[in-house]
Structure formats: C-alpha cells, structure tokens
Amino acid sequence: MSTNGGFVKSLLDQPWDLWGLQARRMVRIEVRRNLFSWKASWIYFLAFIPTFIILVHLLFESHPAFALTDDTNVLAGIIQFYYIRLGIFFGCLGIFSRLIRGEMVERSLHFYLLSPVRREVLLLAKFVAGSISAIALFATAIIADFALMYAGFGAAGQDYFFHGPGLGQLEGYLAVIVLGCLGYGAVFLLLSMVFRNPTPAAMLVMGWEAINPVMPSLLQKISVASYLRHLMPITVPGDGIFALLTVQTEPVPTPLAVLGLLILIALVLTYSCVRIRRLEIRYTTD
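This one's a predicted model, so the numbers in the text were calculated from it and none came from an experiment.

What counts and how
- Residues numbered from 1 in each chain as written.
- Predicted model: local features only at pLDDT ≥ 70, side-chain atom pairs only at ≥ 80, totals over all residues.
- Heavy atoms only, no water.
- Salt bridge = Lys/Arg side-chain N within 4 Å of Asp/Glu carboxyl O.
- Helix = DSSP H or I, 4+ residues; strand = E, 2+ residues; numbered from the N terminus.
- Buried < 20%, exposed > 50% of the residue type's maximum accessible area, 1.4 Å probe, protein only.
- Axes fitted to C-alpha atoms, helices over the stretch in contact; angles between N-to-C directions.
- Parallel < 35°, antiparallel > 145°, perpendicular 65-115°, else oblique.
- Left-handed = near helix turned anticlockwise from the far one by under 90°.
- Contact = heavy atoms within 4.5 Å.
- Nonpolar A, V, L, I, M, F, W, Y, C, P; charged D, E, K, R; others polar.
- Arc of directions from axis to C-beta.

This next bit is on the pattern of salt bridges. What the rule picks out here adds up to 4 salt bridges. The closest approach of N and O atoms between Glu30 and Lys126, which form a salt bridge, is 3.0 Å. Pair noted here: Glu30 is in helix α2 (residues 16-35) and Lys126 is in helix α6 (residues 119-151), with a separation of 96 residues, a long-range link. On the basis of relative accessibility, which here comes to 1%, the residue Glu30 falls in the buried class. Classification of Lys126 by relative accessible area gives buried; the value is 1%.

Right, dumping it as structure tokens:
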C-alpha cells in the first residue's frame with residue numbers, strides 16, 4: 001500500500017504544467033514548419049492529387065443518378081488503395097522522418113537536446129505536431145473528395161450524403177485516416193531514430209503491410225493496415241496484384257480493431273521514448 005502511495009505521490013509531484021507548456025510551444029513550432037514550408041509541397045501533392053482528378057471528373061463527365069453507386073465504389077477504392085496504401089504511408093514518412101532525422105541532417109536537433117526539456121516531452125510533442133499536420137492535410141483532402149464526388153449528382157447526391165449512408169461513410173473514412181496517420185506516424189518516428197536513412201526500412205514496412213493479410217493471425221496484429229481494413233465502411237475487391245491487399249480475413253469488431261491499433265501505437269511510442277534517451281548525435285557521420 002505504501003509503495004503504491006509513494007508511486008502516486010511521485011507522479012503527482014512531477015512538473016506536469018511545465019511539461020505541458022513546453023509541449024504546446026514545441027507543437028506550434030513544428031506544425032508551422034510541417035504545413036507552411038516549401039519542403040511540404042510534395043506532401044500537399046500526395047494529399048490532393050485525387051481531389052484534382054475528381055474535380056476533372058466533376059467538370060467533364062456526366063453524372064446520371066444510376067452512376068452514384070459506381071462513383072461511391074470508386075471513392076472507396078481511392079481511399080482504400082491510394083490513401084491508405086500510398087498517400088498516407090508516404091506522407092507520414094515525409095512528415096515524421098523529418099522530425100528527428102531531418103533535424104539531425106540539418107544539424108539543428110542539438111538545440112532541442114541541449115535545452116531544459118525532457119527528451120520524452122520532446123518526442124511526444126513532435127509526434128503530436130506530426131499527427132496534427134498529417135491529419136489536417138489528409139482529412140481535408142477526404143472531405144474535399146466527398147464534396148466533389150457527389151456535387152455533380154445534384155439533389156440525388158445531397159440526399160445520399162445527408163439522408164443516406166454518405167455522412168456515415170465519411171465519418172468512417174475520417175476515422176480510418178486519423179488512425180492511419182497516428183499508426184504510420186508512430187512507426188516512422190521510431191524508424192527515424194533507429195536508421196540514418198529510414199526510407200529502406202519504410203520500404204520493408206510497406207512490403208510487410210502488403211503481405212500481412214496472408215500471415216498468421218498473431219503476426220497480423222503487428223501491422224497498421226491490418227487494423228484499418230476492418231474499419232473501412234466499404235471494401236472494394238482488388239484485381240491483379242491488388243487482390244493481395246484485399247484478402248478476406250476473420251472479421252474483427254470495430255471497437256477491438258480501434259483498441260488494438262491504439263495499443264500498437266502506445267507500444268511503439270513507449271519504445272521510442274526509451275530509444276530517445278539513448279540518442280546520440282554525431283554530426284561527423286550523420
């Protein structure tokens with residue numbers, strides 16, 4: 001009892017207000033760097049290139065009411081095969097690998113490490129900033145995609161969205177986008193500390209995510225995409241090489257899929273906090 005009491009007292013005695021203030025200031029700095037820098041232009045491209053394609057479809061294609069179901073499936077395919085597998089994956093790779101490794105390359109990370117800020121606070125603040133940046137970009141793109149996809153159908157599109165399943169599907173896709181950004185962000189933030197060049201390791205992660213559906217159920221739990229595919233409002237069967245990405249697996253209830261992914265994220269971040277305590281900067285080699 002006394003041991004538990006001492007542990008609780010130790011937690012309460014920590015400078016949580018100071019850590020919170022430091023974290024909020026770092027988050028603001030990092031979000032501005034992530035969203036309002038020319039280096040982020042290619043991530044904007046990743047997020048909004050489907051939006052541009054859908055806009056062209058809206059302007060130059062007819063939209064008869066019977067095609068609404070087909071366009072709904074096309075939108076589901078864009079999110080399932082492009083955003084989850086490519087757009088968010090590489091967008092988070094660009095955002096989160098720059099937070100640690102990018103600053104080491106730019107020889108600026110030591111300013112943070114020499115300041116009176118706990119390294120765990122630094123790491124978690126950078127994770128929050130990267131997550132806000134990625135979610136803001138890709139969630140905005142998804143909302144724009146939905147608006148443009150159904151705008152051409154006029155009253156039928158509005159009825160489908162506001163009085164049919166459209167709004168619920170959008171909410172489901174946004175939840176998938178948020179969890180995908182958090183999951184891939186945690187993984188790539190860790191890789192940026194472990195490897196001087198995290199890109200080859202990220203390609204291995206991409207390969208693992210691709211073959212994960214055919215792996216044993218225990219190994220499937222070590223994958224971001226394995227949880228996300230159980231949360232998709234609409235699943236589109238793949239053709240050819242994309243068929244591997246849509247292998248039917250045992251369904252998992254939504255709360256368990258969300259909880260499983262959050263646990264995976266928490267474990268990765270916990271190890272990242274341990275790892276950053278041992279992080280050393282050698283600018284002669286990095």
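Moving on, we come to the packing of α6 against helix α12 (residues 254-277). Where α6 meets α12, the axes come as close as 9 Å, and the angle between the chain directions of the two elements is 135 degrees. When the axis of α6 is compared with that of α12, the two are oblique. Of the two elements, α6 crosses α12, and the hand of that crossing is right-handed. On α12, the residues that touch Arg119, Glu120, Leu123, Leu124 and Phe127 of α6 are Ile265, Leu269, Ser272, Cys273, Ile276 and Arg277. Of the residues belonging to the contact of α6 with α12, the class tally is 7 nonpolar, 1 polar and 3 charged.

Let's shift gears to the environment of Asn34. Relative to the assigned elements, Asn34 resides in helix α2. Sequence separation between Asn34 and Ile95 is 61 residues; the distance between their C-alpha atoms is 6.8 Å. Each residue touching Asn34, except ones within four places of it in the same chain, is listed here: Ala40, Ile95, Arg98, Leu99, Ala129, Gly130 and Ser133.

Three or more residues of helix α7 (residues 155-162) are buried, namely Gly157, Tyr160 and Phe161. For α7, the buried positions fall inside an angular range of 95 degrees around the axis, keeping them on one side. Within α7, the exposed residues directed more than 90 degrees away from the buried face are Ala155, Gln158 and Phe162. Those residues of α7 that are buried lie in contact with α4 (68-105), α6 and α8 (166-194).

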